[in-house]
Amino acid sequence: MPVTKGFQALVNEAMSQITTHSVEEARRRAESGKATLIDIRDIRELEHSGRVPNAFHAPRGMLEFWVDPESPYHKPVFANEDTEFILFCGAGWRSALATKTLQDMGMTNVSHIDGGFAAWKESNSPIEKK
């Protein structure tokens, strides 16, 4: 069966409905305590490329389960209503889709980083290597 709506159409649709921050704005918000950075990349990506200091790792495949307080997999970090959760992935596509999904779940304090980890790295922002 042919795909009638490709990934790029889904990403574009999500991008039109979510808040997107530059790396600089995301860093400012996190450093001021107004935001929590959420890294949704796969663990292999973190091991290979490094991680953003103080970012919470929530793999994309578990995100909805970790966010939902009714889930047996819920993580307490997501119960903080006083923070903005700023998601990022490798390039900003998965985080755009994930941000839209969390909005669909009822979250209003969620956004993502334009360009993801690649943009973070390109801006010479801090990275921790194993």
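None of these values were measured; they are calculated from a predicted model.

What counts as what
Residues numbered from 1 in each chain as written. Predicted model: local features only at pLDDT ≥ 70, side-chain atom pairs only at ≥ 80, totals over all residues. Heavy atoms only, no water. Helix = DSSP H or I, 4+ residues; strand = E, 2+ residues; numbered from the N terminus. Buried < 20%, exposed > 50% of the residue type's maximum accessible area, 1.4 Å probe, protein only. Polar contact = N/O pair within 3.5 Å; in protein donor to acceptor, adjacent residues only side chain to side chain. Contact = heavy atoms within 4.5 Å. UniProt positions renumbered as here; feature names shortened; annotations may be inferred. Core = buried A, V, L, I, M, F, W, Y, C linked by side-chain atoms within 4.5 Å.

(A) Representation of the side chain of threonine 36 in the model. Mapped onto the elements of the fold, threonine 36 is located in strand S2 (residues 35-39). By relative accessible area, which is 19% here, threonine 36 ends up buried. Of the polar contacts made by the side chain of threonine 36, one reaches the side chain of threonine 83; its length is 3.1 Å. Here threonine 36 is in contact with Val77, Thr83, Glu84, Phe85 and Ile86, once residues within four sequence places are set aside.

(B) Layout of the side chain of histidine 21. Within the element layout of this structure, histidine 21 appears in strand S1 (residues 20-21). Each residue touching histidine 21, except ones within four places of it in the same chain, is listed here: Ala26, Arg29, Glu84, Ile86, Ser111, His112, Ile113 and Asp114.

(C) How the structure looks around the UniProt feature "domain: Rhodanese" (unreviewed entry) in the protein. If you check UniProt for "domain: Rhodanese" (unreviewed entry), the listed places come out as residues 31-129 in our numbering. A helix fraction of 32% and a strand fraction of 16% characterise residues 31-129, whose end C-alpha atoms lie 20 Å from each other.

(D) Examining unusual backbone geometry more closely. One non-glycine residue, asparagine 54, lies in positive phi territory at about 70°. Relative to the elements of secondary structure, asparagine 54 occurs in the loop between helix H3 (43-49) and strand S3 (56-57). Not every positive phi belongs to a glycine, and asparagine 124 is a case in point at roughly 60°. You can see asparagine 124 is positioned in the segment after helix H6 (116-122).

(E) Looking closely at the nonpolar core. Of all hydrophobic cores here, the largest spans 14 residues; its most connected members are Ile38, Ile40, Leu63, Phe78, Phe85, Leu87 and Leu102. For this core, the secondary structure elements donating two or more residues are helix H4 (63-67), strand S4 (84-88) and helix H5 (93-104). Sorting elements by how many residues they give to this core places H4 first, with three residues. If sequence neighbours within four positions are ignored, leucine 63 has contacts with Ile40, Ala58, Phe78, Leu87, Ala98 and Leu102. Counting residues in each nonpolar core, the second largest holds eleven residues, with Val23, Ala35, Leu37 and Val52 among its members.

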